[in-house]
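# Notes for the structure review
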2 protein chains.
Amino acid sequence: MPRVSTSDDTLETALHTLEAYLRGKRLKMTDQRRTMVRAALSQDGHFTAEELHRALTVGGEAVSMATVYRGLAVLEESDLLEGHDFADGTRRYERAIDREHHDHMVCVDCRAVIEFTNERIEALQQEVVEEHGFTMNDHSLTLFVECKEWRAAGACERRTAREERRRTSGIS
Amino acid sequence: MPRVSTSDDTLETALHTLEAYLRGKRLKMTDQRRTMVRAALSQDGHFTAEELHRALTVGGEAVSMATVYRGLAVLEESDLLEGHDFADGTRRYERAIDREHHDHMVCVDCRAVIEFTNERIEALQQEVVEEHGFTMNDHSLTLFVECKEWRAAGACERRTAREERRRTSGIS
DNA sequence: CTAGCTGCAAAGAATTTGCTAAGTA
DNA sequence: TACTTAGCAAATTCTTTGCAGCTAG
């Protein structure tokens, strides 16, 4: 069994949540879905479909790419994961269970993702939606920043070739 | 000359801005770029590369798709346009010149885009970034809402086959 | 002239989908 | 058993690139 950096409790809860979701939709629990839940919860931070797939493969629990994509959609719909678009061309996911809501700052330089929460902003967003008579379904706040100081401290090193290309090509 | 729903003044300003930008980077002004500026400014709302390309083609000023993509990058870098990711798989652009900054609400149902501004939210965002000692480069706030009431009024009808597929497939 | 541009076709990256065998309720 | 999945490969969608000839400065 692969190492799980999330508490067993969370994993239990997650599996139960998924089961309930599947039951409600008359879908089925499979080994691949269980495996994906475990692997997804043990990822730290924000991961891509490809990264999850690699983690599974490395862990000896190969699940096909197609299944990873289909599975991520299920995990997101069941609210185990939350998906984000950080404007770099690839969708990223993060654990949404047993965590508090938060927003993100993304360094345009090194693509590091820093999380933050601000209740006043949350409240104001809700206000805006209500003023329009709508219902909030979800929201996405991403601040694109330059974390020069942080990098100076040696903590801002995650740039990859691909991300660098994206960055300089004017996307985001 | 194609119809321009933007004031001639804005068009003038835009062309001057672009010229200045190009000069600074030792790039060249071309018919295609001029044409794209005109067409982009006359688009209303948020458009995709494909929509701009179609508008140009229909207007008899065919510009190749490759040039449209390359041109959009230039127009965005020169701050004539602003690009957004509304989590539907395609980048969208909107005029950024002679307009005030604003954020967006996107109806997850019909994909309509509603703009709004909220200075308090803006200020709080700036505060958050400063608290971390970073510099804000850009920010993106999108509220995904359900505009049922609005649709009831008959104003929420822009759903396309493709968008519908996206929506039901769990993206965003 | 000469670096930058355009169009075209081909390449790419990230997802999605059709199909058949296999698995779950 | 009946309907949902998994895996695989092929197909898509959006976007980027290589190249040859054209063009602005």
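Below is a summary of the structure that appears in this document.

Conventions we followed
- Residues numbered from 1 in each chain as written.
- Chains lettered and ligands numbered in written order.
- Predicted model: local features only at pLDDT ≥ 70, side-chain atom pairs only at ≥ 80, totals over all residues.
- Heavy atoms only, no water.
- Salt bridge = Lys/Arg side-chain N within 4 Å of Asp/Glu carboxyl O.
- Helix = DSSP H or I, 4+ residues; strand = E, 2+ residues; numbered from the N terminus.
- Buried < 20%, exposed > 50% of the residue type's maximum accessible area, 1.4 Å probe, protein only.
- Contact = heavy atoms within 4.5 Å.
- Buried area = accessible area lost by both parts, 1.4 Å probe.
- Polar contact = N/O pair within 3.5 Å; in protein donor to acceptor, adjacent residues only side chain to side chain.
- Nonpolar A, V, L, I, M, F, W, Y, C, P; charged D, E, K, R; others polar.
- Pairing = 2+ DSSP bridges.

### Section: the pattern of salt bridges
Residues and elements named next belong to chain A. In the structure shown here, the tally under the stated rule is 18 salt bridges over all chains. A salt bridge links Glu76 to Arg91; the shortest N-O distance between them is 2.9 Å. Here Glu76, found in helix 4 (residues 65-77), pairs with Arg91, found in strand 3 (residues 91-95); they are 15 residues apart in sequence, far enough to count as distant. This pair shows no difference in class: Glu76 is buried, exactly as Arg91 is. Counted as one network, the salt bridges with shared partners bring together Glu76, Asp85 and Arg91.

### Description of the interface of chain A and chain B
The partner chain B presents 39 residues to the 39 residues of chain A that form the contact. Between chain A and chain B, the buried area comes to about 3,300 Å², and carbon and sulfur atoms account for 62% of it. When the buried surface of chain A facing chain B is broken down by residue, Leu124, Phe134 and Phe144 of chain A rank first, second and third, together holding 17% of it. The tally of links between chain A and chain B comes to two salt bridges. Across the pair Arg120 of chain B and Glu127 of chain A runs a salt bridge whose closest N-O atoms are separated by 3.2 Å. Counting the contacts that link chain A with chain B gives 12 residue pairs in polar contact (both at pLDDT 80 or more). When the residues that make up the side of chain A that touches chain B are grouped by side-chain class, the tally is 18 nonpolar, 12 polar and nine charged. Bridge count between strand 6 (residues 135-146) of chain A and strand 6 (residues 135-146) of chain B: 11 bridges; the pairing is antiparallel. Bridge assignment links Glu146 of chain A to a residue of strand 6 of chain B, and that residue is Thr135 of chain B.

Nothing here speaks to function; it is all geometry.
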